[in-house]
Amino acid sequence: MVIPAPASMTVHDGWRDLTDPTVSTDRSIAAEGYSLEIDAAGIRIASSDEAGAFYARQTLLQLTADGRVPYVSISDQPRFAYRGAMLDVARHFFGVEDVKRYIDDIALLKFNYLHLHLTDDQGWRIRIDSWPELTAAGATTEIGGRGGGFYSKQQYCEIVDYAAERFITVVPEIDMPGHTNAASVAYPRLSDTPVVPYEGIEVGFSSLAIRSETTYQFVDDVVREVAAMTPGPYLHLGGDESLSTTDDDFLYFIARATAIAAKYGKTLIGWHEMGRSTELPVGTIGQYWSFTTPQEGAAEHTLSFVQQGGQIIMSPADVAYLDQKYDALTELGLEWAGPTSIPESYEWDPATIVPGVGEEQLLGVEAPMWTETLADIQDVEYLAFPRIASIAEIAWSPAGPRDFAEFESRLDRFVTLLDTLRIKHYVGFPGKN
Ligand code: ACM
């Protein structure tokens, strides 16, 4: 009935009208967990924190049909502390209202982190006062030539606050040393080679000037300003696909840039390639984006974060990348890791992919949405929904054999809620054609 499936749920005979729940505090309940009791006497929520009470209300919303709710006893808590969704606002820019909409969308499924991919070759999307050309010159491009855009500091804080009201913490990503063409368009001295504005979809061609002190002043200023706008604990420094940076330069850069960034008090996150470095600040988090069968080097680089005291966020591209097509006929989306059907997005476990990275080593799971082919938020919703429900369940619900047929009956109901809320979604899953 509910997605993600609660840790424990018993349905009793009977239904009642939906009325305001009574909410109480119970310190014995785990962080973000809750109990929800519905019977003839009323609707009762208990939790130890406000997030738990919020999640209980999300469950209640899913249980409601025609203003009625079934009698149930639910005792629930998340499997992982980090349940993330990522939105790439660099390849195509998405304004504040679009991002708020996506925040509302993911809040339905008890996600608690929104990772914003704020910078890439095609655009720089966040105002940095000490380097104003980043947005004055680096934000005017995007894929398709529609003019780009960026967030003022005030707008960015509006997003952060809106997310926080829904118990979602924003994780800003400033990707480096690759994926930096837009920064170098704004400040050509950040690159060793001449650059021009870029609105295509290739990756791996850009790099910062690794041996230039200007680059490290840039890293320091940007991280200082972004960290100051970040109440949450994490700051993502990218590190992926630095294909035009030599090995020596990459290792030199990562050691210096992460040491600079760590001064500003945030726990750093890097895509798994950052684990090529053995000089990461203690506790740096790795984000795995290879396949469910790890490709060359990916497992070793991921394990390196664990060996340096960090945990791992799992985003295997062939099952968790929401920008991949659902099937060969899907018009939107890329295909290099897909197509990924809804059953494929559901039937995997994050604790069994990288040897040495089991339950204890995992901080959580994240569903990235890259936007090369997605020009508006309805396109984003279409590729996200309902597939993102699979990732929500993997991140929240207890591990165990996953029965897609059972999930599908709950998904059917969830899709009715999406229709009510006018959230655009794919309809081609089994039973829906
Ligand atoms: C990635 O997909 N380059 C993280």
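Residues numbered from 1 in each chain as written. Predicted model: local features only at pLDDT ≥ 70, side-chain atom pairs only at ≥ 80, totals over all residues. Heavy atoms only, no water.

A. Expanded view of the packing of aromatic side chains. Enumeration according to the criterion identifies 26 aromatic pairs in this entry. Seen in terms of ring centroids, Tyr326 and Tyr426 are 3.7 Å apart; in terms of plane orientation they differ by 5°. Their pairing is stacked. With Tyr326 in the loop between helix 9 (317–320) and helix 10 (342–346) and Tyr426 in the segment after helix 13 (404–420), this pair connects stretches of sequence that are 100 residues apart. In this structure an aromatic cluster arises from ring pairing among Trp271, Trp289, Phe291, Tyr321, Trp336 and Trp370. Sitting over the ring of Tyr326, Arg387 keeps its end group 3.9 Å from the ring centre. (Phe/Tyr/Trp six-rings, centres within 6.5 Å; stacked < 30°, edge-to-face > 60°. Helix = DSSP H or I, 4+ residues; strand = E, 2+ residues; numbered from the N terminus. Lys NZ or Arg CZ within 6 Å of the ring centre and 35° of its normal.)

B. Main features of the nonpolar core. The biggest cluster of nonpolar side chains holds 120 residues, and the ones touching the most others in it are Val99, Tyr102, Leu116, Trp124, Leu134, Phe218 and Ile388. When near neighbours in sequence (up to four residues on either side) are disregarded, Val99 contacts Leu87, Val89, Phe94, Leu114, Leu116, Tyr151 and Ile159. (Core = buried A, V, L, I, M, F, W, Y, C linked by side-chain atoms within 4.5 Å. Buried < 20%, exposed > 50% of the residue type's maximum accessible area, 1.4 Å probe, protein only. Contact = heavy atoms within 4.5 Å.)

C. Just the environment of His115, in detail. Its place among the elements puts His115 in strand 7 (residues 113–117). For the pair His115 and Met369, spaced 254 residues apart in sequence, the C-alpha separation works out to 9.8 Å. What His115 contacts, discounting residues up to four positions off in sequence, is Tyr82, Ala85, Met86, Leu87, Val171, Glu173, His236, Trp271, Gln287 and Glu366.

D. Quick peek at the sheet that holds strand 5 (residues 68–76). Sheet architecture is open: five strands sit in the order 1-5-3-4-2, paired in mixed fashion. The open sheet terminates on both sides in strands that have one partner only, identified here as strand 1 (8–17) and strand 2 (22–25). Neighbour-to-neighbour, the strand axes of the sheet open up by a mean angle of 20°, direction not taken into account. Alignment of strand 3 (residues 34–39) against strand 4 (residues 42–47), held across five bridges, turns out to be antiparallel. From the neighbouring strand, Leu36 faces strand 4, where its bridge partner is Ile45. Against the sheet, helix 1 (residues 50–63) touches strand 1, strand 2, strand 3, strand 4 and strand 5, its axis set at about 40° to strand 3. (Pairing = 2+ DSSP bridges. Axes fitted to C-alpha atoms, helices over the stretch in contact; angles between N-to-C directions.)

E. Broad picture of the pattern of salt bridges. Tallied over the full model, the rule gives 25 salt bridges. For the salt bridge of Glu32 with Arg83, the shortest nitrogen-to-oxygen distance reads 2.9 Å. Of this pair, Glu32 sits in the loop between strand 2 and strand 3 while Arg83 sits in strand 6 (residues 82–88), and the two are 51 residues apart along the sequence. Residue Glu32 is classed as buried on the basis of its relative accessible area of 13%. Here Arg91 makes a salt bridge to Asp88, at a shortest N to O gap of 3.1 Å. The class of Asp88 is buried, set by a relative accessible area of 0%. (Salt bridge = Lys/Arg side-chain N within 4 Å of Asp/Glu carboxyl O.)

Interpretation in functional terms is not warranted from these geometric data alone.
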